[in-house]
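Breakdown of the fold
One letter stands for each residue in the lines below.
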Amino acid sequence: MKKATRGQIRGHNRQLVLRHVYDGTATSRAALALETGLSKPTISELVDGLITEGFLSEGGFGDSTDSGGKRPRLLRFVPSAREVIGLWLTPTQIMGVLTTLDGELIAAHAVEIGTLTPFNDAGIDEEFVPRLGEVVHGLIAQLDAPLLCIGIGSAGEVLPDGAIYAPRFSLSPILVGEAVAERLEVPVYSANSSALAAFALYSAKHRFKHQNPLEGVNERLAMLTISEGVGMGAVLESAEQQLGSEIGSMRVGGSTLDARLGWSGVRERARALGRDHASPYLQTTSLNYLHIRHAAEQNDPAALTLSDELAAQVAEVCGWIITLLQPKHLAITGEISALGEAFLKNVRKRLPLSTQAGARVTFSIDELPNLAALGAAYRAIQMELGLV
């Protein structure tokens, strides 16, 4: 093991001070010294630096101690001191968000990339770069504070070296991150988009104040996301324990989960059922999940059959997740969330678990846009400032 350098120790202590003020566990220099165990001169040096950088402000007075003495000057975290960009790279879109340091969404921007292949043998495809730049610079144009860092998320398997292998999308967020970091001269952090989406849901409840989609959710959050592919993410015990990967390549009953639950497979099955039942709802050329939901609400036989099939397959996957990870809450997200609460009720009814095991888990179906992009921004804040 290498001995930590003076710079690394200072960086760690700086994050420690910032996190205590951010959490509200210490709101003065004296309280910081008590909470961190650092000397008062070290605390003063770090606090003065953070005030100069704009991350902290000082003003007002707290209560004096029981023994009397001077009232302490209060410290406050300044969430508007910097802003952060989160990017979500998918096979068809680049989605981006701009947030403050406490997760407040300032702006969102997305562009279609169609069937572009972002990378070839020579590196980044030059046709991809302008699309990426359109999103990044569109968000930069709306900055009200210096840009702190950028987070990037993409579907795929996280490899030991930090790269992401995405068989459905020839993409390396590591290469994208290096290109962006070089051009903008800011730190860039990359991760799996399913893990980031789960982190966004967790953070929305436990940390950031701008949204609260999961009222009452405790620790151990798992998330199943189903759109063109199938992914799973989770946050276990604390925000530091994030995991996620694509599970659509798993074969179940002779076919993959992507083939069964990915939108291409669902659309093909919906149209086949629509022909068999002469359903006017499921034969439209612009078919989407909202059409399926509306048709099911009208008691259309084809839509009801499809919803039951999907609910049974989703319930089986949820059963695996619950058995392996034992989450306290499981959220279903992605395009399939448009099927709504009736679909979620059907999934819960079909869980391959004992009644007792199923009752220990709360569920939600969350149709939240830009979830992985928000998670990318949140994780970048976590990595850069230690705010977890």
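Residues numbered from 1 in each chain as written. Predicted model: local features only at pLDDT ≥ 70, side-chain atom pairs only at ≥ 80, totals over all residues. Heavy atoms only, no water.

1. Notes on the packing of helix 1 (residues 6-23) against helix 3 (residues 40-53)
The geometry of a pair of packed helices is captured by two quantities: the angle between their axes and the separation between those axes. The condition is simple: Simply put, an axis is a line fit to the C-alpha atoms, just over the touching stretch for a helix, and the angle between two N-to-C directions goes from 0 to 180 degrees. Runs of E in the DSSP output that reach at least two residues are strands. Runs of H or I that reach at least four are helices, and both are numbered from the N terminus. Should an angle fall under 35 degrees it is taken as roughly parallel, and over 145 as roughly antiparallel, whereas 65 to 115 is taken as roughly perpendicular and any remaining angle as oblique. The contact definition used throughout considers only heavy atoms, calling two residues in contact when any of these lie within 4.5 Å. In this classification, the charged set is Asp, Glu, Lys and Arg, the nonpolar set is Ala, Val, Leu, Ile, Met, Phe, Trp, Tyr, Cys and Pro, and all remaining amino acids, among them Gly, are polar.
Between helix 1 and helix 3, the shortest axis-to-axis distance is 10 Å and the interhelical angle comes to 75 degrees. With respect to their mutual orientation, helix 1 and helix 3 come out roughly perpendicular. Along its contact with helix 1, which presents Arg10, Asn13, Arg14, Val17 and Leu18, the element helix 3 presents Ile43, Glu45, Leu46, Val47, Leu50 and Glu53. Each residue belonging to the contact of helix 1 with helix 3 can be placed in one class, and the counts come to six nonpolar, one polar and four charged.

2. Describing the pattern of salt bridges
Put simply, the rule is: The salt bridge definition used is simple: a Lys or Arg side-chain nitrogen within 4 Å of an Asp or Glu carboxyl oxygen. Only protein chains enter the accessibility calculation, which uses a 1.4 Å probe; a residue is then buried when its area is under 20% of its type maximum, exposed when over 50%, and partly exposed in between.
This model, assessed by the stated rule, comprises seven salt bridges. Notably, a salt bridge pairs Glu53 with Arg14, separated by 2.7 Å at the nearest N-O pair. Of this pair, Glu53 sits in helix 3 while Arg14 sits in helix 1, and the two are 39 residues apart along the sequence. The exposure class assigned to Glu53 is partly exposed, which follows from its relative accessible area of 33%. Ionic pairing is found between Asp48 and Arg29, a salt bridge with its closest N-O pair at 3.0 Å. Pair noted here: Asp48 is in helix 3 and Arg29 is in helix 2 (residues 29-36), with a separation of 19 residues, a long-range link. Given a relative accessible area of 21%, Arg29 falls into the partly exposed group. Ionic contacts of the salt-bridge type, sharing partners, join the residues Arg29, Asp48 and Glu58 into one network.

3. Topic: the pairing of strand 4 (residues 93-100)
Along a regular strand, successive side chains alternate from one face of the sheet to the other. Which entries qualify depends on this criterion: We call two strands paired when DSSP finds no fewer than two bridges between them.
Counted residue by residue, strand 4 has seven buried out of eight residues, so it is predominantly covered. The sheet contact formed by strand 3 (residues 83-89) and strand 4 spans seven bridges and is antiparallel. Residue pairing across strands places Ile85 opposite Leu98, the latter belonging to strand 4. Hairpin geometry of strand 3 and strand 4 is characterised by an intervening segment of three residues between the two adjacent antiparallel strands. With seven bridges joining them, strand 4 and strand 5 (residues 105-112) adopt antiparallel strand pairing. Within strand 5, the position partnered with Gly96 by the bridge is His109. In this antiparallel pair of consecutive strands, strand 4 and strand 5, the connection spans four residues, and Gly103 shows a positive phi of 85 degrees.

4. Some thoughts on the environment of Arg73
The residue Arg73 is located in strand 2 (residues 73-77) in this model. For Arg73 and Phe61, which are 12 residues apart along the polypeptide, the C-alpha to C-alpha distance reads 4.6 Å. Beyond its immediate chain neighbours, meaning those up to four positions away, Arg73 contacts Thr27, Ser28, Glu58, Gly59, Gly60 and Phe61.

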